[in-house]
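Structural overview for review
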Amino acid sequence: MRHLINFKDWEPEEVIHLIDTGIQIKKEPSKYRDALLAKSLAMIFQKTSTRTRVSFEVAMTQLGGHAIYLDWLTTQFKLADIGDEIRYLSRNVDCIIARLKRNVDLVQMASASTVPVINGCDEKYHPCQAIADMMTIKEKKDLLKELRLVYIGVHNNVCNSLIEACTMLSMHITAVTPIKHPSAQDVELVENAKKTGLYEETLNVNQAVKDADIVYTDTWIDMELFLDPRFEKEKKQRISLMMPYQINKRLMKESNALIMHDMPIHRGYEIDGEMIESPRSLIFTQAENRLHSEKAILLKLLDKI
Ligand code: CP
């Protein structure tokens, strides 16, 4: 039985298989209509979501199965031992996806579960997003090897999973991250990436985007903190520090790179509206591809591909 917490125990061939299966499913969705007939997915959310919730729920419906949304605050997860709740849950469902605040809780879930557990994004990793991102790039460019991706923003969970995915798929990745989110820190992941020779860090954003095939950004501030008045001072400081790194026409004037963002977007902060709508933006295809790639992940973890 496999879990998908991050890519540390995944082989490159397995990740390539997920990406290629996602592309295949997108082309011929009807071929997979009954692939998960009578299977159930529990979806546990401790944090807000649009794409992760919708894509997994629609994926289960379109594969002939069923998804159950469990809000952390209206279930007994809030009160009970995580391991006990998961031991019960995995006797009634075939797979679990969880979006949790803390990776340690997700790891505890996985060790208590007798069915596959999928990380729907914690503070350290967002592997499902990275699979959809790699699928989107491969669809557009036909290959991944030796492409150059530049990630501009805060070093966070999305950045970590991109570093893992790019380096295991022989892509170059440069992180332009003036702020490193402390809770996302994974020294081992970064050191392993550096050893591949495919990962580098710089603050020279203009130089970095010149040779890029893909420029990728993400929100500078966690969604749940963006409207929180207690975070106002920190938010102002971050915006002032990060504004020179905004993806806009001026930054991209000497670059032909495609533009990606995992959404949700804060327009006018990490990226301006003109770049979101530009013909080189893959953002909405990238978000759509969450559906097709989630299907591939579910099929793989449930031994159907
Ligand atoms: N990109 C992403 O995970 O979107 P949601 O937070 O809306 O699920």
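Shown above is the structure to which this text applies.
Residues numbered from 1 in each chain as written. Predicted model: local features only at pLDDT ≥ 70, side-chain atom pairs only at ≥ 80, totals over all residues. Heavy atoms only, no water.

Comments concerning the overall build of the chain
This is how it is decided: Secondary structure elements follow DSSP: runs of H or I of four or more residues count as helices, runs of E of two or more count as strands, with numbering from the N terminus. Radius of gyration here is computed from C-alpha atoms only, and the compact-globule reference equals 2.2 Å multiplied by the residue count raised to the power 0.38. Relative accessible area decides the class of each residue, using a 1.4 Å probe on protein chains only: under 20% of the type maximum gives buried, over 50% gives exposed, and in between gives partly exposed.
Of the regular secondary structure elements, the chain holds twelve helices and nine strands. For 305 residues, the compact-globule estimate of 2.2 N^0.38 gives 19 Å, and the chain sits close to it at 19 Å. Overall, the chain is about 55 × 45 × 35 Å in size when its C-alpha atoms are taken along their principal axes. Taking all 305 residues of the chain together, the buried fraction comes to 58%.

Some points on empty space enclosed by the protein
Rule in force here: With a 1 Å grid laid over protein atoms only, a set of points is called a cavity when a 1.4 Å probe fits there but cannot get out and a pocket when it is open yet has protein on both sides within 12 Å along at least five of seven lines; lining residues have an atom within 4 Å of a point. Grid points are joined across faces, edges and corners, and a volume is the space filled by probe spheres set on the points. Here the nonpolar group is Ala, Val, Leu, Ile, Met, Phe, Trp, Tyr, Cys and Pro; Asp, Glu, Lys and Arg are the charged ones; every other residue, Gly included, is treated as polar.
Per the counting criterion, the structure on display carries one cavity of 30 Å³ or more. When its volume is computed, the largest cavity comes out at roughly 40 Å³. Forming the walls of the largest cavity are V154, N156, H181, T219, W220, I221, D222 and R238. Looking at the lining of the largest cavity residue by residue, the classes come out as three nonpolar, three polar and two charged.

Side note on the sheet that holds strand 2 (residues 66-71)
Where we set the bar: Between any two strands, pairing holds if DSSP finds at least two bridges. The axes are straight lines fitted to the C-alpha atoms, using for helices just the contacting stretch, and the angles between their N-to-C directions are given from 0 to 180°.
With parallel pairing, four strands are arranged side by side in an open sheet as 2-1-3-4. Since the sheet does not close on itself, it has two edges, and those belong to strand 2 and strand 4 (117-119), each with one partner. Neighbour-to-neighbour, the strand axes of the sheet open up by a mean angle of 20°, direction not taken into account. Taken together, the five bridges between strand 1 (residues 40-45) and strand 3 (residues 95-99) define a ladder with parallel strand orientation. In the strand pairing of strand 3, L41 is matched with C95.

Some words on helix 1 (residues 12-27)
The test is simple: One fewer than the residue count of a helix, multiplied by 1.5 Å, yields its expected span. By definition in these notes, contact holds between two residues if any of their heavy atoms fall within 4.5 Å.
Over its 16 residues, helix 1 extends 23 Å from the first C-alpha to the last, a length consistent with the 22 Å expected when each residue adds 1.5 Å. Within the sequence span of helix 1, burial applies to E14, V15, L18, I19, T21, G22, I23 and I25. In the core, the buried residues of helix 1 are packed alongside helix 5 (127-141), helix 6 (157-168) and helix 12 (283-301).

Quick look at the side chain of N157
Note that N157 resides in helix 6. Apart from the residues within four sequence positions on either side, N157 is in contact with C121, D122, E123, K124, Y125, H126 and A184.

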